Structure formats: C-alpha cells, structure tokens
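# What the coordinates show
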Amino acid sequence: MLRPSPRAATYGLAALFALALMSDLLWMPIQVGDSLGELIEAQRSPSVWASFESALGSNGYLRPLRIAQIKALSDLAQDSNYWLVFRGFHALLLGVAVFLFTRVLRVSTSTDFAAAAFALVTLTGLHTFRGTVQEAFPINHFLEILVCCLLTLNLARSRGGIWVDATAAIVFSAAALTLESGLLVWVVACAAWTVGWRGISIRGLALMTVLLLGYMYLRFVFVPNGMPTLLERSSGFWLTVLDPTELQQRFGSRPLGFYSYNVATSVMSVLFSEPQAGVFEAVRAWLDDRVLPRVVVPVVTSAITTGLILWATTRRAVNRQALDDTARFIIVGMAVIGANAALSFSYTKNDILSIAGAFYALAAYGAIRDGLLTAPAMQRTARIAFTVLLCVLSVGWTIRSAGGHYLLRLQAFRHQADWTVLPGLRQRNGQWPSDLAEQRLIHQLRGDAVGLVLPNTRVGDPQWPVQIWPD
Amino acid sequence: MASANMARLNKLNPIVAAVAIPPVLGAIAWLVVLAMTGVSGHHPIWDLQSRNLAEAAAFRDSGAVARRVAAGEDLNRPGEVRAGVIRPASTTLVPIAAAAAIREAGMVQLLLDLGASPDADAWQRAWCISDAADVRSLLALHRPQGALEECVAP
C-alpha cells in the first residue's frame, strides 16, 4: 500500500483544498458590481500604460498597477474570453496562494502534517479568507497581495542570494502599487529577518526600505492623492453600521477615536472572529436571541485557537526556550496581524484583513505543532482531554472551511441573477450605453454568466446550511 | 532531517490523527460533492431543477429563465409548477403568474423585459394570485386591454 511521506501528504491535502476552491471559483460568473465599470474603463483605455498613468491621479488612493492589470487581462480576453481569463486568473492565484502557504510550513514529520492540515482549514475557514474568493473587481487584489506576502515569506526562508533580494524588491513594488495592503510585504520581510529567517538579506531589506520611502514620496508628495475621508463609505461601529453622514457627524472633528476603534476591532476580528467589519455580530445575535451555530462556531474555534497560540507563546517565554520555527511563525504572524490592523485604520472590513488571516493560520500552525509535541508529556487524563479538545477544534475549523463551498454557490447564483436583469435595468434607468463596443461587452459577459448552469440556492434548500454557515 | 523527511505516515498517534483526520475528510467530502455534481448534474444539497419556464420563475431561477427563453420557450405558455412550491397541489400557470405567486417583483420584471405579454386572462390571474404591492404596481403598468384590477373571491 502506498504510504506517502508527511510532506507529500501535506501537499496532497493542500492540492485537494486548492482544487475544490478553484473548481468552485471557476463555476462562478464574473460579478457585476465593482467589475463591469472597471471592464468598460479597460475597454476604453488605449493601452496598459495609459491605464497605469491615468490611475496615478485618482483621489485618495495610489493603485496604478491594479488598473493596469485589469487592462492587461481585458486585452488578453480579446473581447470574448472574459470569464475564462478573469475567473481562470482568480483560480490560478488561489492555487498559488495555497501552494505557497503549504511550502512555507516545511513539513517533515507526521506531527507537522497534522498541524499543517489544521492550518489549512484555519486558512480557508477564517472569515477573512472569504475576501479572497467571494468577490473580484474583476481581479481579486487582496488575493494578489496575499500571494505576494506568502512569496516574500518563502523567499525569507530560502537560502538567499542576490536574486532573492531582487525578487523581494520587485514583489514589494508590485504589491505596493496594486493596493495599500501591499506595504505588508515589507512588514513580512522585516519580521522574518528579525526572527532569523534571513533569506532576504539586510541588503535586500535596505533596498525594500528605499522603495518604501520612494512609495511614501510618490504617495504623499509627488502625486499627493490625499487620504480616504469618512464620507467615502459606511462602516461598522459596535452593534450597527454607520453611513458616511453619521460617521462625519460623530467623528468628523475627532477621527482618532474612530481610527483607534478600527485598528483594535481589526485585531480582535482576526483573533476572535468578532467583531466582523467593525460590528459585534455575535453580541447582536445574542441580544436578539438568535444565537445560531454560524455565530457560535466561529467565535469559539477562534477563541480556543488564539488561546493555544497564547499558551504556546507564554510557555516558551517562561521556559526561556530558544527561538525555533514554532515561535517564529507565531511572532511573524502577530507582527503581520498588527500591521494589517494598523493599515485598516480608516475603515475595517474582512477583505482587507485577508492577509492577517492567512498569517494567523501560520501562527496557528506553530501553536498546534507545539501542542502536539507537548501532549505526550502530559498526564493521561490531561492528554485525553487535550486530544478531545484538539479534535473538536479541528472539526469546528473543518466545518468553517466547508462553508466556502456554500458561500461560493450562493455568490454564483447572486452574480448570475444580477447579470440576467442588467440590460433591462440599465435600459429603464437610461444607463444603457450608446457605444456598440460597450453593448457587445455587456452582452458577452451576460451570455457567459447565464450560460453557467448553477445549483439553485434560493428555493427548496434545506435549512441546515443557513444555520451553520454565514452568507 | 533526511530521515524525518523519509518518514512515512505509517502510524499516526491518536492525538495527531484526531487533528489531521477532520480536515482530510472535509477536503475529500468537498471534492466529492463537486465531482458528483459535475458528473450527474445534480447537486446533493441544492437539487431543484425546473422542468419548464413557469417552474423556473417559481424557483426564482433567473438564469434558468434566461436560458429557456434563449432556447425558444414561449414566455406566455402555461407550465406545470410542482406541488409544494406555490400551492400544496401542483398547479398550471403562465410564467408571469408563477412569478407573481411567489411575490417576486424582480422576476416579474425580468419576464416582462424578456418579452412576456400576458393576455387579459393570464394578466388577471397573475394580479389576483399575488397580494404583493410591488408586484401589483408593476403589473398595473402592463395591463392589457380588457383586464380588470379586481378578483372574484373563491
């Protein structure tokens, strides 16, 4: 009988998760909201460079590579293969992210394998992961940044060299010019170097720091785009969502309190799955007397996992244990969670925290591995109790992870419904484009979306998925 | 390290197995669901498939409605909607009446956008089968000649 090595088994398991997620992603139309407008703009733009240049002047943000990428993929689609190109790219990115996540774990024993299996369900089950699969604009840039961060961590764990330093610098530049979250690449490189993963040398870090300063100059001096204001979007606050006007009224004169709230709740969101997007959903559900498993399971699994991370950290600190990979994963994970939360100061939402979520899963890998290595030294009763706890925890995270299928089926059905009504809606609202190329684009995208035969999640569905998984 | 790398998953101790087995089973189950759906065309959880345009409308399945219309199905032709969807027993309705019966103004609008033009009888049935204000206001905008906005009590 074939008995794989722990490393091969881990890659095999990661491939199963990646394949399932990629299949679900490919079985989904391109979304209308936040995508159609971008695709029309890409069609109007004469070239990738023109898209890049025009995005330099946009207000509040510096994301020229984001727009340039949409144009490049749009050109690649050649007016007909939009679904294949954009959904294919999304699925490919997801596969790369899962591969890089698995690779950085460096699994070599069966204990590592178990911890990696746990980390994979933590990665795919945490609510912040939804941001990498649920939507695309029409590229999922949060997933791109996650890939960049994981690639950087892999580079940091490599043997190093000039090409590693150069690649890290290129990855940082690309990420920073795509989304503000791209600055986390620099944080990953610095944190990894600090804990002793020095594949990216001090020379490479210095180069990345110069590039970071260059970004700051570009962002705030050369083409000052300003900062997002409170009037741009609604945001969660305690038990409710405040619209821009309410935010302006409450925090317009003293935004620091609101920014502090966003940073603190972002950290809590990753560590405890509560609040989400600034709103204390579990508390609200409890107050409304509708505490369903979909509310309880995330909070309980996250709280216990965070407890295990804390336990591993405290035990190591008290015993003055030497810094090993377990500790390194935890330290790097916490550094990225803190930095990601700080970047979310102006508004907090699950998508932005998707990088922090993945690094939380890496910290969980360290903590579970530590727990598994510690367990044999426990007394029998304690060991049995600990085994039961970890098993229940693993089941809980697996249930959360399986919610990805439910979520993507719901989303696919919603996207398709949005496309079916779009032409009529736009015609009634006087928004139907007069340009024939734009009309063709809409018909093409709608045809792609309607052509997908999807399971009907709206009627006749059993109630248990609604009770277990959030939509 | 080399010997550790060469180690095989021969025996997992109980605690390692307790952590590793649920994710492995979860991933396999997820792929099995996808594979079953891909091979059979039936999703094990959501397997409600419409048999005609009226039923597609009753199932709120706008994608199926659009596909059936594109395939040439008549938007004004009555179809049987299975028992338990609109009424306890099966019922035969034109698509727009099926959409009205489930109080779905968006579906009524989609059918109108796609070219549905109910005659007076069909329109009146749709009007009377739905008590949703938004459905009725939408129908009122498309009332054919001879149709009345009044219903006879059963």
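The structure displayed is predicted, hence computed values, not measured ones. (Residues numbered from 1 in each chain as written. Chains lettered and ligands numbered in written order. Predicted model: local features only at pLDDT ≥ 70, side-chain atom pairs only at ≥ 80, totals over all residues.)

### Regarding the overall build of chain B
Assigned secondary structure in chain B consists of 8 helices and 2 strands. Starting at the N terminus and ending at the C terminus, chain B contains elements arranged as α-α-α-α-β-β-α-α-α-α. Relative to the compact-globule value of 15 Å for 154 residues, chain B shows a C-alpha radius of gyration of 25 Å, a clear excess of over 25%. Judged by the C-alpha coordinates and their principal axes, chain B covers about 85 × 30 × 25 Å. Buried positions account for 44% of the 154 residues belonging to chain B. Summarising the internal contacts of chain B: among those between residues at least 6 apart in sequence, 55% fall at separations of at least 24. (Helix = DSSP H or I, 4+ residues; strand = E, 2+ residues; numbered from the N terminus. Rg over C-alpha atoms; globule rule 2.2 N^0.38 Å. Buried ≥ 20, exposed ≤ 12 C-beta atoms within 10 Å, placed from the backbone. Contact = placed C-beta atoms within 7 Å.)

### Description of the overall build of chain A
The helix and strand inventory of chain A stands at 20 helices and 2 strands. Computed over the C-alpha atoms, the radius of gyration of chain A is 23 Å, within 12% of the 23 Å expected from 2.2 N^0.38 for a compact globule of 471 residues. Along the longest, intermediate and shortest principal axes, the C-alpha atoms of chain A span 75 × 60 × 60 Å. The buried share of chain A, taken over its 471 residues, is 49%. Considering only contacts within chain A whose residues lie at least 6 apart along the sequence, 78% involve residues at least 24 apart.

### Things to note about the packing of helix α16 (residues 325-343) of chain A against helix α17 (residues 354-374) of chain A
Residues and elements named next belong to chain A. Closest axis-to-axis distance for the α16/α17 pair is 8 Å, and the angle between their directions is 155 degrees. Taken together, α16 and α17 sit at an angle that is classed as roughly antiparallel. With respect to the hand of their crossing, α16 and α17 are arranged in left-handed fashion. Contacts from Thr326, Ala327, Phe329, Ile330, Val332, Gly333, Met334, Val336, Ile337, Asn340 and Ala341 of α16 reach α17 at Ile355, Ala356, Phe359, Tyr360, Leu362, Ala363, Tyr365, Gly366, Ala367, Arg369 and Asp370. (Axes fitted to C-alpha atoms, helices over the stretch in contact; angles between N-to-C directions. Parallel < 35°, antiparallel > 145°, perpendicular 65-115°, else oblique. Left-handed = near helix turned anticlockwise from the far one by under 90°.)

### Things to note about the interface of chain A and chain B
Taken residue by residue, the interface counts 51 residues in chain A and 41 residues in chain B. Its residues assigned to classes, the side of chain A that touches chain B shows 29 nonpolar, 17 polar and 5 charged. (Nonpolar A, V, L, I, M, F, W, Y, C, P; charged D, E, K, R; others polar.)

### Observations regarding the domain arrangement of chain B
Domain annotation for chain B reports domain 1 (2-40) and domain 2 (53-140). Between the C-alpha centres of domain 1 of chain B and domain 2 of chain B there is a distance of 47 Å. (Domains from an automatic or database assignment.)

### Structural notes on unusual backbone geometry
Residues and elements named next belong to chain A. The linkage connecting phenylalanine 137 with the following residue, proline 138, adopts the cis geometry, with an omega of -10 degrees. Counting through the fold element by element, proline 138 comes out in the loop between α7 (130-133) and α8 (141-156). Put simply, glutamate 274 and proline 275 share a cis peptide bond, and its omega is 0 degrees. With respect to the helices, strands and loops of the structure, proline 275 is situated in the loop between α13 (255-272) and α14 (281-287).

### Here we look at the packing of helix α10 (residues 184-195) of chain A against helix α11 (residues 202-222) of chain A
Residues and elements named next belong to chain A. At a minimum axis separation of 10 Å, α10 and α11 run at an interaxial angle of 150 degrees. For the element pair α10 / α11, the angle class is roughly antiparallel. In the crossing of α10 with α11, the sense of the turn from one axis to the other is left-handed. Of the residues in α11, those touching α10 at Trp186, Ala189, Cys190 and Trp193 are Leu205, Met208 and Leu212. Across the contact of α10 with α11, the residue classes break down as 7 nonpolar, no polar and no charged.

### Considering α10 of chain A
Residue and element names in this part refer to chain A. For α10, built from 12 residues, the straight-helix expectation of 16 Å at 1.5 Å per residue is met to within 8% by its first-to-last C-alpha distance of 16 Å. Of all the residues in α10, the buried ones are Leu184, Val185, Trp186, Val187, Val188, Ala189, Ala191 and Ala192. Buried residues along α10 sit against α8, α9 (162-176), α11, α16 and α17. (Expected span 1.5 Å × (residues − 1).)

### Some thoughts on the environment of leucine 123 of chain A
Residue and element names in this part refer to chain A. Note on placement: leucine 123 falls in helix α6 (residues 110-125). Residue classification places leucine 123 among the buried residues on the basis of 28 C-beta atoms within 10 Å. For leucine 123, the contacting residues outside a window of four places in its chain are Phe101, Phe129, Ala358 and Ala361.

### A short note on the confidence of the model for chain B
All names here are of chain B. Summarising the model, chain B shows a mean pLDDT of 91, and 92% of its residues fall at 70 or more. Low confidence marks residues 1-6, where pLDDT is under 50. Its contacts with residues over four positions away, or in another chain, come to 7 contacts. Our summary of model confidence lists the complex with pTM equal to 0.95 and ipTM equal to 0.94. (pLDDT = per-residue confidence, 0-100.)

### Points about the environment of glutamate 438 of chain A
Its place among the elements puts glutamate 438 of chain A in helix α19 (residues 436-451). Note: C-alpha distance between glutamate 438 of chain A and leucine 143 of chain A (295 residues apart in sequence) is 28 Å.

### Here's the deal with the environment of histidine 42 of chain B
Mapped onto the secondary structure, histidine 42 of chain B falls in the loop between α2 (14-40) and α3 (53-58). The residues contacting histidine 42 of chain B, other than those within four sequence positions of it, are Thr37 and Asp47 of chain B.

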